[in-house]
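Fold and contact review
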Amino acid sequence: MLRATIKSLLARKLRLVLSGLAIVLGVMFVSSAFVLTDSLGGRFERLFQTINADTAVQVRADPDADAGTPSLLTDADLARIREVPGVARADGDVSAEGVVPFRARDGKAVPSVGAPQLGVGYTGGGDLLQVADGRAPAEGSEVALTRFTAEQAGVGVGDTVRVYIGPRYETGEYTVTGVLEYSGGRPSLSGETMVAFTVPEAQRLFFGQAGVYGGAQLTAAEGVSDEALRDRVREVAPAGFEAVTGAEIAEEQASSFTQLLTFVNWFFLGFALVALLVGMFLIFNTFNIIIAQRARELALFRALGASWGQLTGSVLIEALVVGFVASTLGLLAGIGVAYGLQAAATAAGFPLPEGGLVVGVTAVVVSYLLGILMTVAAALIPAVRAASVPPVAAMREVVRPDKPLLALTVSGGVVTGLGVAALGAALLGAPLAALLIGVGVLFSIVGVALLSPALTRPVAGLIGRLVAWGAAGDLGRRNALRNPRRTAVTAAALMIGVALVSTVAVIGSSLRSTVRDLVENDIGAEVMIMTNSQQLPDGREGFDPARLAQVDALPGVRDSIAYHFSVATVNGRPQQFVSATDLTRAGPAFALEQESGTLTPGGAADALIDTNTATALGVTTGSRVTVEAARGGPVTYTIAGVYKSQLTSGVLLPESAAATFAGPLAAQGYVSVDEGADVDAVVAGVEQIMADYPLVTVGDQESFIAQQNAVVDGVLAIFYVLLALAVIVAFLGIVNTLVLSIYERTRELGLLRAIGTTRRQVRSMVRVESLLIAVYGCLLGILLGVGLGGTASMAMRQQDLLSVVTVPYGQLAGLLVAAALAGVLAAILPARRASRLNVLDAIAYE
């Protein structure tokens, strides 16, 4: 039986190629996700080890120290540490982030590519960073730049570079005296920029005083272990500081990055599983059709004494072989994709740390497990059907009629009903709304997939009458409808991918419309000043609000308002969003809707709060809240009013409260202009005033809308690209179904050709069949996706995350047209094969 199985597999190897491709693509996605994240993790782990290679022990501020404890080492502290037995060398650390050089060619800030922008006090010690050109800075007006920084800024030795000093919130000009390189001639470790000052100048800029350090790096004497030195240094470290080994620091840094990579990995795996799920439909259909074609062969095995288990095992062995080969090819392709993505990132200006590909055991095991198990699972039902072929089928043609669709339709209706009920309950405010939406989406997709065979004849039949013309077209329509289960399974694979794409499209369209609605109707300003930060600007990134006095003096400007925000502990609850602004003008500026109290309090101890935060904290108008931000200790405010707004949230404090935030900078500014004023001229003037702040952008309403929607479009593009794989797999399913159908209908096609059907008509017939399946699956997916996307958008609207729910009709129509074109393209190979069948051989085909 095993030999017969192998011969059967080899005889039909071409018929299994396309179904195997579906698994190849899915496993490729899985393996590339693992290999990419493992490789990046390895690169950054080596990076952190390299950075800390010369450090035996680091003395650093204790993150758990009490507020108010000094967080700087003095020269006296450093001298005591140097006296510890086993310390060969101790260098004070003078460094800070947010030190941004400006480009020479256009005066714009050198952009960050996700890596930090550093400033350091350069001592010249250590092997990691050395002067490659010129010399180290010797005066306060001099700096050295890493080669990568110099290239990005477009400057060299002897040039002047403008630098924004984040810790001092000011900009200065310096002379470049040298270019630095890392060991091995590397211009950068991971795309960071670095400006090196003299140590006294760095102390003045970063700490505001000389003779102090943020920490210290220690080198151990020969024969002294890092752990032993750490324990000795702990005994003399001042209060508020801790001693850790370089290996411990590297492990901490790598662990933090690994957590991010784990999230990215699971994100990609979610889309990979969608593609594999769609591939299961393809495999199920493939084996189903092959079993139907092999009915007489299988019946002959039964007549010769093959058992139920032998026939079932025969089909599952075929699936196992297909799954193994496809998983192997998918794993190799995934390794190639991971390599290509890393190379593309480097070519696109995102330098990665040194390192190669890491193909871990997890990547290999998971790839084979998913590929093989999903292939075998998809082939299980066809395998059982193969074993149920009666022996009498070996002696004569036996037509096995399709099973009634009643049970399948009822099941689909019940599951769909449960899905709709879960979605409805979520919209009506039932508890665990997010869980209900997830369950509703899953049940709705499964339910519609179960209903699709019953919908095939009425819905696909109507579509067929619209797209099929002439006798050949009518034959193609009838071919698609003769086996509604097969057509439905093929279309359902496409439906899943298109449904997810349509869901994302509806949510994305609603987000874009909400941005425009809020900007045009709610923001009471024509010019916006924004901070483009990778983290929450808590007063340390943004612009000096005093600059708004210069903005107010510009021609055409009516007034302006600054907006600070941060996180703080409110009534004992940490990580609460708080903001500070002029409360007397906050209502019009941020479209606040009054729920209770007043929205224009004037007291220095008054505050406003949004309805959701008020409910969470259990407060209302007249209640008192205690806010403890980064500086100044706890401050008590009285809630003067409760508001609703889609532009801001949390606790709104008076502008004076910004003094308690981590820094004094404003994150946003809103500028109102006089009627008829030249908005472009105002924007240009504000840009000139804000030119010293590298993260700040200025624009009018349209540019702000475009900027915000660009973020939305970027996120949507990621989803579309990832979901495209599932759609591609689905179209491979259409090709595979048609190819197998051609094999199945070989004699029928021969008879059609014998009675005068031309090759062109045969090709048209196959094209119509493919077009009908593609349009049917796409239409089901769009209808399902609009329903799911609309439900999710309405739920987001109830949470004040959206103000408008819109359906992108043009985009969805384009998706339908694209599916129709893809359906025609999918028919090229099957139509070509069908039209080239030899008439006599086809008529004699068994």
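Remember, it's a predicted structure, so these values are computed and weren't measured experimentally.

So, about the overall build of the protein chain. From N to C terminus, the protein chain includes 24 helices and 24 strands. Along the three orthogonal principal directions, the C-alpha set of the protein chain runs to about 100 × 70 × 50 Å. Per-residue burial over the protein chain gives 49% buried out of 846 residues. The long-range fraction of contacts in the protein chain, counting pairs at least 24 apart against all pairs at least 6 apart in sequence, stands at 82%. Of the roughly 37,200 Å² of accessible surface on the protein chain, 60% is carried by carbon and sulfur atoms. Each charge class in the protein chain was averaged separately, 58 positive and 70 negative side chains, and the resulting centres sit 23 Å apart.

Okay, the packing of aromatic side chains next. This structure, assessed with the given rule, holds 15 aromatic pairs. Taking the centre distance of 6.3 Å and the plane angle of 45° together, the rings of Phe44 and Phe48 count as tilted. Note that Phe44 and Phe48 are positioned in helix α2 (residues 17-51) at a spacing of four residues, about one turn of the helix. Accessibility classification places Phe44 together with Phe48 in one group, the buried group. Three or more aromatic residues joined by ring pairs make a cluster, and in this case those are Phe29, Phe267, Phe268, Phe271 and Phe719. Over the ring of Phe102 we find Arg162; its NZ or CZ atom is 4.0 Å from the centre of that ring.

A cluster of nonpolar residues, Leu406, Val410, Val414, Leu418, Leu432, Leu435, Val439, Leu442, Phe443 and Val446, forms a patch on the protein surface that exposes about 920 Å² of accessible area. When residues of the nonpolar patch are traced back to their parent elements, those giving at least two are α11 (406-427) and α12 (433-467). Considering every element that reaches the nonpolar patch, the biggest residue donor is α12, with five residues. One can find Leu406 in helix α11.

Locating Thr193 in the fold gives a position in strand β11 (residues 193-197). Residues Thr193 and Ala333 lie 140 residues apart in sequence; the distance between their C-alpha atoms is 35 Å. Residue contacts for Thr193: discarding those within four places in its chain leaves Val99, Pro101, Val110, Pro116, Gln117, Leu118, Phe148 and Thr149.

Take the pairing of strand β20 (residues 624-628) next. Only one face of β20 is covered, namely the one carrying Val625 and Val627; the face carrying Arg624, Thr626 and Glu628 has none of its residues buried. As defined by bridge partners, strand β16 (residues 557-570) adjoins β20 across two bridges and the pair is classed as antiparallel. Bridging across to β20, Thr569 finds its partner in Glu628.

Right, let's talk about the side chain of Thr503 for a bit. Tracing the chain through its elements places Thr503 in helix α14 (residues 484-521). Thr503 sits in the buried class, given a relative accessible area of 14%. A distance of 3.4 Å separates a polar atom in the side chain of Thr503 from the backbone oxygen of Gly785. Every residue in contact with Thr503, bar those within four places of it in the chain, is listed here: Gly785, Leu788 and Gly789.

This part takes up the nonpolar core. Core analysis: the largest hydrophobic core is formed by 120 residues, its most contacted members being Leu494, Ile734 and Leu749. Counting residues per element, this core draws most heavily on helix α19 (residues 701-744), at 17 residues. Ignoring anything within four residues of it in the chain, the contact list for Ile734 reads Thr490, Leu494, Ser770, Ile773, Ala774 and Ala826. Counting residues in each nonpolar core, the second largest holds 37 residues, with Leu78, Val84, Val161 and Val176 among its members.

Let us look at the environment of Ala378. Checked against the element boundaries, Ala378 lands in helix α10 (residues 361-387). Classification of Ala378 as buried rests on a relative accessible area of 5%. In sequence terms Ala378 and Thr791 are 413 residues apart; their C-alpha atoms lie 31 Å from each other.

Another aspect to go through is the packing of α14 against helix α21 (residues 759-798). The contact between α14 and α21 brings their axes to 5 Å, and the two run at 35°. As α14 packs across α21, the resulting crossing turns out to be right-handed. Its residues assigned to classes, the contact of α14 with α21 comprises 19 nonpolar, eleven polar and no charged.

With that settled, the discussion passes to the sheet that holds strand β1 (residues 57-61). The strand order across the open sheet built from four strands is β3-β13-β1-β14, with neighbouring strands paired in antiparallel fashion. Every other strand in the sheet has two partners, leaving β3 (87-93) and β14 (241-245) as the edge strands with one partner each. Strand-to-strand twist of the sheet, defined as the mean angle between neighbouring strand axes without regard to direction, takes the value 20°. In this structure, β1 lies alongside β14, joined through five bridges in antiparallel fashion. Bridging from a neighbouring strand, Val57 pairs with Thr245 of β14.

We now examine the pattern of salt bridges. Throughout the structure, instances matching the rule amount to 24 salt bridges. A salt bridge links Asp692 to Arg547; the nearest nitrogen and oxygen atoms lie 3.4 Å apart. Of this pair, Asp692 sits in the loop between α18 (679-689) and β24 (696-700) while Arg547 sits in the loop between β15 (527-531) and α15 (548-552); the two residues are 145 residues apart in sequence, bridging distant segments of the chain. The class for Arg547 is buried, based on a relative accessible area of 19%. When salt bridges that share partners are traced, they join Arg230, Asp231, Arg234 and Glu248 into one network.

Let us look at the packing of α12 against helix α13 (residues 470-482). Packed helices, taken two at a time, are described by their axes: the angle between them and the distance between them. Relative orientation of the contacting elements α12 and α13 amounts to 165°, with a least axis distance of 10 Å. Taken together, the axes of α12 and α13 are roughly antiparallel relative to one another. The way α12 lies across α13 gives a crossing that is right-handed. Contact with α12, carried on its side by Thr456, Arg457, Ala460, Gly461, Gly464 and Arg465, involves Arg477, Leu481 and Arg482 of α13 and no other residues of that element. Taken together, the residues of the contact of α12 with α13 break down into two nonpolar, three polar and four charged.

A separate point is unusual backbone geometry. A positive phi angle, near 60°, is found at Tyr169, a position not held by glycine. The residue Tyr169 is located in the loop between β9 (160-165) and β10 (170-182) in this model. The phi torsion at Gln575 lies on the positive side, around 55°, for a residue other than glycine. On the secondary structure map, Gln575 appears in strand β17 (residues 573-581). Note on Gln575: relative accessible area 64%, which makes it exposed.

Moving on, we get to α10. Taking 1.5 Å per residue as the helical rise, α10 with its 27 residues ought to reach 39 Å, and the 37 Å between its terminal C-alpha atoms agrees with that figure. By the largest-angle criterion, Leu380 marks the main kink of α10, which is about 40°, and a proline, Pro382, follows within four residues. If you check which residues of α10 are buried, you get Ala363, Ser367, Gly371, Ile372, Met374, Thr375, Ala378, Ala379, Pro382, Ala383, Ala386 and Ala387.

Here we come to the environment of Thr626. On the secondary structure map, Thr626 appears in strand β20. For the pair Thr626 and Leu494, spaced 132 residues apart in the sequence, the C-alpha separation amounts to 55 Å. A polar atom in the side chain of Thr626 sits 3.4 Å from the side chain of Thr636.

Turning our attention to the confidence of the model for the protein chain. Per-residue confidence for the protein chain gives a mean pLDDT of 86, with 94% of residues at or over 70. Taking the mean pLDDT of every element in the protein chain, the minimum, 60, falls on helix α1 (residues 2-11) and the maximum, 96, on strand β8 (residues 142-146).

Glancing now at the side chain of Thr490. Tracing the backbone through its elements, the reader meets Thr490 in helix α14. With relative accessibility at 3%, the residue Thr490 sits in the buried group. There is a polar contact of 3.0 Å between the side chain of Thr490 and the side chain of Thr737. Discounting chain neighbours no more than four positions away, the residues touching Thr490 are Asn285, Gly733, Ile734, Thr737 and Ile773.

So, how was this worked out
- Residues numbered from 1 in each chain as written.
- Predicted model: local features only at pLDDT ≥ 70, side-chain atom pairs only at ≥ 80, totals over all residues.
- Heavy atoms only, no water.
- Helix = DSSP H or I, 4+ residues; strand = E, 2+ residues; numbered from the N terminus.
- Buried < 20%, exposed > 50% of the residue type's maximum accessible area, 1.4 Å probe, protein only.
- Contact = heavy atoms within 4.5 Å.
- Areas by Shrake-Rupley, 256 points an atom, 1.4 Å probe, with all protein chains shown as cover.
- Lys, Arg positive; Asp, Glu negative; His and termini not counted.
- Charge placed at Lys NZ, Arg CZ, Asp CG, Glu CD.
- Phe/Tyr/Trp six-rings, centres within 6.5 Å; stacked < 30°, edge-to-face > 60°.
- Lys NZ or Arg CZ within 6 Å of the ring centre and 35° of its normal.
- Patch = residues over 30% accessible without salt bridge, like charges linked within 9 Å, V, L, I, M, F, W, Y side chains within 5 Å.
- Salt bridge = Lys/Arg side-chain N within 4 Å of Asp/Glu carboxyl O.
- Pairing = 2+ DSSP bridges.
- Polar contact = N/O pair within 3.5 Å; in protein donor to acceptor, adjacent residues only side chain to side chain.
- Core = buried A, V, L, I, M, F, W, Y, C linked by side-chain atoms within 4.5 Å.
- Axes fitted to C-alpha atoms, helices over the stretch in contact; angles between N-to-C directions.
- Left-handed = near helix turned anticlockwise from the far one by under 90°.
- Nonpolar A, V, L, I, M, F, W, Y, C, P; charged D, E, K, R; others polar.
- Parallel < 35°, antiparallel > 145°, perpendicular 65-115°, else oblique.
- Expected span 1.5 Å × (residues − 1).
- Bend = angle between axes of the 7 residues up to and from the residue.
- pLDDT = per-residue confidence, 0-100.

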